[in-house]
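Examination of the molecular architecture
Here is what each chain is made of, one letter per residue.
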Amino acid sequence: MSTVGLIVAGGDSTRMGRDKASVEIAGRTFVSWVADALSGVADRIVVAGRSATVDGFETIPDPDFSVRGPLAGLAALAGTAPTERVTLVVAIDQPFVRAETLALLQAHCDDLPVVPVDDGTRQVTCMAYPSGLLHAASEEAGAGGSLQTLLERVGCVEVTEQMWAEWGEDGRSWRSLDTPDDVAHAIEVYGV
């Protein structure tokens, strides 16, 4: 199954105080951690929300919509006409994402997006999205929607806490690190 790994890296990183792509844990940048997890399952890795190259990875700028975030990343990817069947979406600030979780999301992705649900919330920055629905992401972005409204419109397969816990997941894959304190706390909880 051909897969593209989409690292969503738009945004201003104001709470972090610097570009999240360059924040380091154990001497490796966030983008390196995320790309490493994706490399086990993705045939191609793209950093969305950037015009300049990031650590040598292919980049695509966000489209000219008022929408930002993961929906903008999917809309930007749609403009590249990818040949891959599945898009794995991961945020740049999720360096603890597990390759095993990504592989299982990918394996369950057919005609609908596959997204973990944690504490009643869809974790849209760690999901598998069928590339055949990228046109819908562009339409939703153009209409000023969000990734959540897109999933309401196209439908999705929700991975419940019981299911992802059986995968060995503990929520680290979608744990966003927005501040230096978040980074320090995550290192305490998950180690490196």
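Look up a bit, the structure's there.
Report on the accompanying structure. (Residues numbered from 1 in each chain as written. Predicted model: local features only at pLDDT ≥ 70, side-chain atom pairs only at ≥ 80, totals over all residues. Heavy atoms only, no water.)

Here's the deal with the side chain of Arg98
Convention followed: Comment: elements are numbered from the N terminus, with helices defined as DSSP H or I runs of at least four residues and strands as E runs of at least two. Relative accessibility under 20% of the residue-type maximum defines a buried residue, over 50% an exposed one, and the middle range a partly exposed one, all with a 1.4 Å probe and only protein chains included. Residues are treated as being in contact if the distance between any of their heavy atoms lies within 4.5 Å.
Within the secondary structure, Arg98 sits in the loop between strand 6 (86-91) and helix 3 (99-108). For Arg98, a relative accessible area of 16% translates into the label buried. When neighbours within four sequence positions are excluded, Arg98 is seen to be in contact with Ala37, Trp167, Gly168, Glu169, Arg172 and Ser173.

Comments concerning helix 4 (residues 134-142)
Test applied: The directions from the helix axis to the C-beta atoms are what the arc is built from.
Burial in helix 4 covers these residues: Leu134, Ala136, Ala137, Glu140 and Ala141. The arc enclosing the buried residues of helix 4, seen along the axis, measures out at 150 degrees, which places them on a common side. Residues of helix 4 that are buried make contact with helix 2 (70-78), strand 6, strand 9 (126-130) and helix 5 (147-154). Following helix 4 by one or two positions, Gly144 adopts a phi angle in the positive range, close to 80 degrees.

Remarks on the packing of aromatic side chains
Going by this rule: Between the rings of Phe, Tyr and Trp (Trp by its six-membered ring), a pair exists once the centres lie within 6.5 Å; its type follows the angle of the planes, with under 30 degrees stacked, over 60 edge-to-face, and the other angles tilted.
As enumerated under the stated definition, the model contains 2 aromatic pairs in all. An angle of 45 degrees between the planes, with centres 5.2 Å apart, marks the rings of Phe96 and Tyr190 as tilted. Here Tyr190 lies in helix 7 (residues 180-190) and Phe96 lies in the loop between strand 6 and helix 3, a separation of 94 residues in the sequence. Where Trp164 meets Trp174, the ring centres are 4.9 Å apart and the plane angle is 80 degrees; that geometry is what we call edge-to-face. Taken as a pair, Trp164 in helix 6 (residues 161-166) and Trp174 in the loop between helix 6 and helix 7 lie far apart in primary sequence, 10 residues in all. There is no split in this pair, since Trp164 and Trp174 are both buried.

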